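Notes for the structure review
Each chain, written out:
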Amino acid sequence: MKAIVLGAGGQLGAELVLELARRGHEVTALGRGQLDITDAPAVRQTLLRQKPGWVINSAAYNQVDLAEKEPQAAMAVNGFAVHSLATGCRDAGATFVHFSTDHVFDGTKTEPYTESDPPSTPSAYGLSKLAGEWYARIYCSKRYVFRIAGVFGPAGRYTRRGNFPELVIRKAHEGSPMKVVDDFFATPTYAPALASRVLDALEKEIPFGLYHLGGSVSISWYQWALKILDQTGLQAEIAPTNRREYKTAAVRPRHAGLSNARIEAAGIERMPSLDEALTDYLRRREKVKPPTGRSAHPSA
């Protein structure tokens, strides 16, 4: 299959490109430097010219707090650009794959969210991602929308914003004290496993629609940090804090675990345990090389 991956320089995009190539598909990897997805005419021209079978959009505006100050920028990438991609895929006859987020929920439900739970987002970021979901679902009938959460992958060692394991590892190496919330819960999702299951869904041609595809467990950010330190053998001064002490510009969902029951029922393999994913992550991160022209410093 001929595939285009958008956002190919990110943690998920990098894994999608690698997995597509490993499976023998023809893949065109496009970062922002090759295609600005907010440029609607360029998007349309690219899709009609290349005529891919699959268009996988892992590009996103994901600065959750900054989105409260610049909601138009978040909506341009996460909402309006998805409209252009969906209509372009429709007209090119391509299957469209788009990624949304657990932030479309307010987090007041303590059980994992299912696809039938009504979204109720508390943030500008979540609203922009929800808009993208609807654009994808309305304008392209051949489409998958995957809601994901807390993605971490080996490429995060060198991406500009990194990921949570890299933050914890860097702070430990620096000897910097950390305070981490213990009353907000993450669903860490391992990018290589996520990429593999997304491509399984495409190759098996499961029914089009909306699917949750998050990590295997919901865990507090504090406990997640302790798990990272335990597996790396690093020492760090770390203390728990809570939402009253740790204020952020955006309101985040406290509990936003995603139920993967629907996609598992469609025949897709379960996500690995968090321990398995973290072990593999720590092994792979040592083999990842910085992109040409980019500093090797983890925070770059």
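Each chain carries its own residue numbering, running from 1 in the direction its sequence is written. This being a predicted model, a pLDDT of at least 70 is required before a residue's local features are given, and a value of 80 or more before pairs of side-chain atoms are given or counted; all residues contribute to the totals for chains, interfaces and linings. For side-chain calculations, the full set of non-hydrogen atoms in the structure is used, while hydrogens and water are omitted.

1. What to know about the packing of aromatic side chains
- Pairing of aromatic rings covers Phe, Tyr and Trp, the last through its six-membered ring, and needs centres within 6.5 Å; plane angles under 30 degrees mean stacked, over 60 mean edge-to-face, and all others mean tilted. Inspection of the entire model under this criterion finds 13 aromatic pairs.
- Through a chain of ring-to-ring contacts, the aromatic side chains of F152, F164, Y190, W221, W224 and Y281 assemble into a single cluster.
- Above the plane of the ring of W134 lies R137, whose end atom (NZ or CZ) is 4.7 Å from the centre.
- One cation-aromatic arrangement involves R262 over Y211; the distance from NZ or CZ to the ring centre is 4.4 Å. Throughout this description, the term charge over a ring refers to an Arg CZ or Lys NZ atom that lies within 6 Å of the ring centre and within 35 degrees of the ring normal.

2. Overview of the side chain of E15
- We count a stretch as a helix when DSSP gives it H or I for four or more residues in a row; a strand needs E for two or more, and each element gets its number in order from the N terminus. Summarising the element assignment, E15 is placed in helix α1 (residues 11-22).
- Between two residues, a contact is recorded if the distance between any of their heavy atoms is within 4.5 Å. Ignoring sequence-local partners within four residues, the contact set of E15 consists of P154, A191, P192, A195 and R284.

3. Here's the deal with the nonpolar core
- Throughout, nonpolar core names a set of buried Ala, Val, Leu, Ile, Met, Phe, Trp, Tyr and Cys residues whose side chains join them through atoms within 4.5 Å. When a residue's accessible area, from a 1.4 Å probe over protein chains only, is under 20% of the maximum for its type it is buried; when over 50% it is exposed; and in between it is partly exposed. Within the largest apolar cluster, 47 residues are counted, with the highest numbers of intra-cluster contacts made by F99, F146 and V198.
- It is helix α6 (residues 191-204) that contributes the most residues to this core, seven residues altogether.
- Leave out the neighbours within four places in its chain, and F146 touches V97, H98, F99, S100, V198, A201, Y211, L213 and I263.
- Listed in part, the 28 residues of the second largest apolar core include L6, F96, A124 and L210.

4. Section: the side chain of D183
- Mapping D183 onto the fold places it in the loop between β7 (178-181) and β8 (185-186).
- Discounting residues that sit within four places of it in the chain, D183 has contacts with T241, N242, R243 and R254.

5. A few points about the environment of R243
- As for its placement among the helices and strands, R243 is situated in the loop between β12 (238-241) and α8 (261-265).
- Look past the residues within four positions of R243 in its chain and what remains in contact with it is D183, F184 and R254.
- Polar contact is the term for a pair of N or O atoms within 3.5 Å; when the atoms are in protein, one must be able to donate a hydrogen and the other to accept it, and sequence-neighboring residues count only if both atoms are side-chain atoms. Here D183 takes part through its side chain, which lies 3.1 Å from a polar atom of the side chain of R243.

6. Regarding the pairing of strand β1 (residues 2-6)
- Within β1, four of the five residues are buried, which leaves the element mostly enclosed by the surrounding structure.
- One requirement defines pairing of two strands: DSSP has to find at least two bridges between them. Taken together, the five bridges between β1 and strand β2 (residues 26-30) define a ladder with parallel strand orientation. Its bridge partner lying in β2, A3 is registered against V27.
- Throughout, right-handed denotes a crossover for which the path from the first strand over the helix to the second runs clockwise when the strands point away from the viewer. Between the parallel pair β1 and β2, the chain is carried across by α1, and the sense of this crossover is right-handed.
- By the bridge criterion, four bridges tie β1 to strand β3 (residues 54-57) in an arrangement that is parallel. Following the sheet pairing, I4 is matched in β3 by V55.

7. Thoughts on the packing of α1 against α6
- In this analysis, axes come from line fits to C-alpha atoms, helices being fitted only over the stretch in contact, and the angle between any two N-to-C directions falls in the range 0 to 180 degrees. Following both chains from N to C, one finds α1 and α6 inclined at 55°, their axes separated by 8 Å at the closest point. For the element pair α1 / α6, the angle class is oblique. The chirality of how α1 crosses α6 is right-handed. Side by side, α1 and α6 meet where Q11, L12, E15, L16, E19 and L20 of the first sit next to A191, P192, L194, A195, S196, V198 and L199 of the second.
- Here the contact of α1 with α6 is composed, by residue class, of nine nonpolar, two polar and two charged. Each angle gets one of four labels, with under 35 degrees taken as roughly parallel, over 145 as roughly antiparallel, 65 to 115 as roughly perpendicular, and the rest as oblique. Handedness of each helix crossing follows the sense of rotation of the near helix against the far helix: counterclockwise by less than a right angle gives left-handed, clockwise gives right-handed. Each residue receives one of three labels: charged for Asp, Glu, Lys and Arg, nonpolar for Ala, Val, Leu, Ile, Met, Phe, Trp, Tyr, Cys and Pro, and polar for the others, Gly being one of them.

8. Topic: the confidence of the model for the protein chain
- Here the protein chain averages 94 in pLDDT, while 97% of its residues score no lower than 70.
- Per-residue confidence from the predictor is given as pLDDT, running between 0 and 100. Predicted confidence for residues 292-300 stays below pLDDT 50, and this span has 17 contacts to residues more than four positions away or in other chains.

9. With respect to helix α9 (residues 274-285)
- What a helix is expected to span follows from its residue count: subtract one and scale by 1.5 Å. If you check α9, its first and last C-alpha atoms are 16 Å apart, about what twelve residues at 1.5 Å a residue would give, namely 16 Å.
- Those residues of α9 not exposed but buried are L274, A277, L278, D280, Y281, L282 and R285.
- Summarising the contacts, the buried residues of α9 are in contact with β6 (151-152), α5 (164-174), β9 (189-190), β11 (219-220) and α7 (221-232).

10. What about the environment of A60?
- Here A60 shows up in the loop between β3 and α3 (71-92).
- Look at A60 and you get partly exposed, because its relative accessible area is 37%.
- Sequence separation between A60 and G257 is 197 residues, and the spatial gap between their C-alpha atoms is 20 Å.

11. Here's the deal with α1
- Relative to the 16 Å expected for twelve residues at 1.5 Å per residue, α1 spans 17 Å between its end C-alpha atoms, a close match to the ideal helical length.
- For α1, the tally of buried residues reaches nine of twelve residues, placing the bulk of the element in the interior.
- For α1, every residue scored as buried is listed here: Q11, L12, G13, A14, E15, L16, V17, E19 and L20.

12. With respect to the pattern of salt bridges
- In what follows, salt bridge is the name for a side-chain nitrogen of Lys or Arg lying within 4 Å of a carboxyl oxygen of Asp or Glu. Taken as a whole, this structure holds 21 salt bridges when the rule is applied.
- Salt-bridge contacts for D91 lead to R90; the nearest nitrogen and oxygen are separated by 3.0 Å.
- You can call R90 partly exposed: its relative accessible area is 45%.
- In this structure, E166 and R285 form a salt bridge, with 2.7 Å as the shortest nitrogen-oxygen distance. Within this pair, whereas E166 is found in helix α5, its partner R285 is found in helix α9, the two being separated by 119 residues in sequence. Take E166 and R285: they sit in the same class, and that class is buried.

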